[in-house]
Amino acid sequence: MAKFTPEQAADVLAIKQAVYEWGDELDLNNGLSMRKADCLAEDVQYNVGGEWRDGLAAVEAFYKGRAEAMQAGAGLMTMRHIITSLRVSFDDADHAKVGYLLVFFATVTNLDKYCDPLAVADVKMECRRDADGEWRITRFDSGQIFKRG
């Protein structure tokens, strides 16, 4: 069983909030306002689209390119990232590891509202408390354990 000091318990809440802000940004804006969401560190290492992206600018470029490709085709996706079984462990006072189960739903916006899960993934993140005192995600990786065929 995880045991936290009162300070660590407060940090766990802040880390969870950063993770939830990340999910909300993807769900509400398709990742197009990731910098404004302020949940990723400038030097984030981010595995998306089958490729590692180094830095926030590279993550922004991926989501912008994906949105442009989708808009040229069927349209932007409606997505929901269901984050569950979240666990936090601390490496030190300013660095933490996060693991959780992600259930991912996505459909093109002009289709009806029925949608099966697209994937279920094991997610691993690392977070850091930056100089301004805010916790941000410094590493994102996931492995799909189930995927819609």
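Residues numbered from 1 in each chain as written. Predicted model: local features only at pLDDT ≥ 70, side-chain atom pairs only at ≥ 80, totals over all residues. Heavy atoms only, no water.

## Observations regarding the pattern of salt bridges
Right, so step 1: Under the defined criterion, the tally for this structure stands at twelve salt bridges.
Right, so step 2: Between Arg 136 and Asp 130 there is a salt bridge, with its nearest N and O atoms 3.1 Å apart.
Right, so step 3: Note that Asp 132 and Arg 136 form a salt bridge whose closest N and O atoms lie 2.8 Å from each other.
Right, so step 4: We classify Asp 132 as partly exposed; its relative accessible area is 47%.
Right, so step 5: Three or more residues are tied together by salt bridges with common partners; here these are Asp 38, Asp 43, Arg 128, Asp 130, Asp 132 and Arg 136. (Salt bridge = Lys/Arg side-chain N within 4 Å of Asp/Glu carboxyl O. Buried < 20%, exposed > 50% of the residue type's maximum accessible area, 1.4 Å probe, protein only.)

## A short note on the pairing of strand 6 (residues 135-147)
Right, so step 1: Pairing of strand 1 (residues 40-48) with strand 6, which is carried by three bridges, proceeds in the parallel orientation. Following the sheet pairing, Tyr 46 is matched in strand 6 by Phe 140.
Right, so step 2: Connecting the antiparallel pair strand 5 (residues 117-129) and strand 6 is a turn made up of five residues, with Gly 133 showing a positive phi of about 90°. (Pairing = 2+ DSSP bridges. Helix = DSSP H or I, 4+ residues; strand = E, 2+ residues; numbered from the N terminus.)

## Some remarks on the environment of Lys 97
Right, so step 1: By secondary structure assignment, the location of Lys 97 is in strand 4 (residues 95-108).
Right, so step 2: For the pair Lys 97 and Ile 137, spaced 40 residues apart in sequence, the C-alpha separation works out to 9.6 Å.
Right, so step 3: Only 2.8 Å separates the side chain of Lys 97 from the side chain of Asp 91, close enough to count as a polar contact. (Polar contact = N/O pair within 3.5 Å; in protein donor to acceptor, adjacent residues only side chain to side chain.)

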